[in-house]
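# Architecture and fold: a report
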Amino acid sequence: MTASSIVRPSTAIADPNNPSNVLVPNASFAAVVTQSNATVFAVPTIGVWVGGNGNVAVRMYGGQNSVTFTGVVAGTLLPIQVDKILATGTSSANIVRLW
């Protein structure tokens, strides 16, 4: 099975017992990210692990808009769907994409 053949929910699922919780599907694949303004992931992420303090600039998958998460603390899992981790604006290190 290749990453491109995986079918998964396109959005997170609300926890029916606690609507403030968001359930994120488990990842089947992970890869260390080399930040790039040009590289587009073949399969969007379901999460981004940030291993070092700093900012993470991404292009969101759904709307193709870019956003920078500022002040991300090392050890944070961002439950976001992105197709790019941008070099411009990203200062965090040890970033891993999950899909």
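Right, let's walk through the structure included here. A quick note: this is a predicted structure, and the numbers were derived from the prediction, not measured.

Cut-offs used in this document
- Residues numbered from 1 in each chain as written.
- Predicted model: local features only at pLDDT ≥ 70, side-chain atom pairs only at ≥ 80, totals over all residues.
- Heavy atoms only, no water.
- Pairing = 2+ DSSP bridges.
- Helix = DSSP H or I, 4+ residues; strand = E, 2+ residues; numbered from the N terminus.
- Axes fitted to C-alpha atoms, helices over the stretch in contact; angles between N-to-C directions.

## What to know about the sheet that holds strand β4 (residues 47-50)
Taken together, four strands build an open sheet; the order of strands is β3-β9-β4-β7 and the sheet is antiparallel. Pairing within the sheet leaves two strands with one partner each, and these edge strands are β3 (30-32) and β7 (76-78). When strand polarity is set aside, the average angle formed by the axes of neighbouring strands in this sheet is 20 degrees. Relative to strand β9 (residues 95-98), β3 is paired through three bridges, and the arrangement is antiparallel. Within β9, the position partnered with A30 by the bridge is L98.

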